[in-house]
Amino acid sequence: MPLTYSSYLKLDELLSLQRPVSDGPEHDETLFIVIHQVYELWFKEILHELDYLETLLARSDTPRALHTLRRVLTILKVVVAQIDVLETMTPLEFLSFRERLESGSGFQSFQFRELEFVLGMKRREAIERYPEGSEGRRRLERRMPQPTLWDAFLGYLAARGFAVPAASLARDVTAPVAESAELHPVLIDIYRRDPEASALCERLVDLDEGIQEWRYRHVKMVQRTIGTKRGTGGSSGAAYLTTTLDRPCFPDLWAIRTEL
Ligand code: HEM
């Protein structure tokens, strides 16, 4: 069979994957399924690019690293803007099928947790929520001992001749990335005299800000759609989500701004 648009993209399979569970089915459930599937595809692509970015940093390939980061940032803009689409669904429209979601929630998105791990937010509890033998657990177990994007960036800076403290380079990569005051003079030096490396720093701040922007838009969407009701995933809902705001992935890059 010659390759066609449909066979290449596996369209028959792809278009058979949107299966509402509500009676009727409720009109808005299709939008809800499509948007979550689109998100998961974008998460897949972002992870693919961030893994590549780590190999580019290991090779000290600054132009391609900047190019790849620009791509991720552009996707992130789209991902944040997509919230507008879901916000066209009113609270009553959502309630028409919400109870059929049972305990299903974006909280269980293992690709989102993988993204958090790559960005330095490592934590054992995130793995333990997935049953033994599940795909989510397998993926997070694989990511846990891998260096994060921040570790790759510190390695890149050291290879570029900056005196990155040995403790930062040898940090336990299974622990969350935490602020390190020792690193601040090095980063300040980079901002003052290395335009290429400081451009990378700025793009990492864009990435961090973009993730925080998504969290903010998501919590606002949650507040306008379900108010202060509990989440289907079992959390307190908007109250829980609010605690995840303003937690930077790369705290040192924010901290040095005061000292520059
Ligand atoms: C009507 C739309 C939505 C509502 C009402 C909603 C509600 C919630 C709630 C209440 C939580 C907290 C966990 C829980 O108890 O369930 C949550 C978490 C989450 N949701 Fe949504 N959500 C919506 C759309 C989306 C979309 C489109 C995505 C895209 C993938 C998404 C991804 C996530 C993620 C990744 C978390 C975990 C956040 C964290 O733990 O930091 N949500 N959502």
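Here the structure is a predicted model, which means the values were calculated and not measured.

What to know about the layout of surface pockets
Point 1. There is about 280 Å³ of room inside the second largest pocket.
Point 2. As for the second largest pocket, its lining consists of Leu 14, Leu 15, Leu 17, Gln 18, Val 34, Gln 37, Val 38, Glu 40, Leu 41, Lys 44 and Gln 111.
Point 3. Elements represented by at least two residues in the lining of the second largest pocket include exactly α2 (11-15) and α3 (29-58).
Point 4. In terms of residues, the lining of the second largest pocket owes the most to one element, α3, which gives six residues.
Point 5. Here the residues of the lining of the second largest pocket are counted per class, giving six nonpolar, three polar and two charged.

What to know about the site of the ligand
Point 1. Contacts to the ligand come from 28 residues, most closely from Ser 105, Arg 113, His 218, Ser 235 and Tyr 240.
Point 2. In this structure, Arg 215 approaches the ligand through a side-chain N or O atom, which is 3.1 Å from an oxygen atom.
Point 3. A distance of 2.6 Å is found between an oxygen atom of the ligand and a side-chain nitrogen or oxygen belonging to Ser 235.
Point 4. When residues of the shell around the ligand are traced back to their parent elements, those giving at least two are α3, α7 (110-118), α13 (195-226) and α14 (238-243).
Point 5. Sort the elements by how many residues they give to the shell around the ligand and α13 lands first, with seven residues.

Brief notes about the nonpolar core
Considering soluble globular proteins, one finds that nonpolar side chains tend to be buried as a cluster.
Point 1. Residues Leu 50, Leu 149, Trp 150, Leu 157 and Leu 207 are the most contacted members of the largest nonpolar core, which totals 64 residues.
Point 2. Counting residues per element, this core draws most heavily on α13, at 12 residues.
Point 3. Dropping the residues within four chain positions of it, Leu 207 is found in contact with Leu 50, Leu 69, Val 72, Leu 73, Leu 76, Leu 119, Leu 149 and Phe 250.
Point 4. Membership of the second largest hydrophobic core comes to six residues, among which are Ala 126, Tyr 130, Leu 140 and Met 144.

Notes on the coordination of the iron atom of the ligand
Point 1. Within the protein, just one atom coordinates the iron atom of the ligand: His 218 (NE2), at a distance of 2.2 Å.
Point 2. Residue position: His 218 is located in helix α13.

Considering helix α9 (residues 135-143)
Point 1. Within α9, the full set of buried residues consists of Gly 136, Arg 137, Leu 140 and Arg 143. Around the axis of α9, the buried residues are gathered within 130° of arc, so they sit on the same side.
Point 2. Of the surrounding secondary structure, the elements contacted by the buried residues of α9 are α3, α7 and α8 (124-128).

A word on the environment of Leu 119
Point 1. Position of Leu 119 relative to the elements: it lies in the loop between α7 and α8.
Point 2. Along the chain, Leu 119 and Trp 214 lie 95 residues apart, while their C-alpha atoms are 14 Å from each other.
Point 3. When neighbours within four sequence positions are excluded, Leu 119 is seen to be in contact with Leu 50, Leu 149, Leu 207, Ile 211, Cys 249 and Phe 250.

Definitions and limits used
Residues numbered from 1 in each chain as written. Predicted model: local features only at pLDDT ≥ 70, side-chain atom pairs only at ≥ 80, totals over all residues. Heavy atoms only, no water. 1 Å grid on protein atoms, 1.4 Å probe; cavity = no way out; pocket = protein on both sides within 12 Å on 5 of 7 lines; lining within 4 Å. Points joined across faces, edges and corners; volume = space filled by probe spheres on them. Helix = DSSP H or I, 4+ residues; strand = E, 2+ residues; numbered from the N terminus. Nonpolar A, V, L, I, M, F, W, Y, C, P; charged D, E, K, R; others polar. Near = heavy atom within 4 Å. Polar contact = N/O pair within 3.5 Å; in protein donor to acceptor, adjacent residues only side chain to side chain. Core = buried A, V, L, I, M, F, W, Y, C linked by side-chain atoms within 4.5 Å. Buried < 20%, exposed > 50% of the residue type's maximum accessible area, 1.4 Å probe, protein only. Contact = heavy atoms within 4.5 Å. Donors = N, O, S within 2.8 Å, 3.2 Å for Na, K, Ca; no water. Arc of directions from axis to C-beta.

Function cannot be read off these values alone, since they describe shape.
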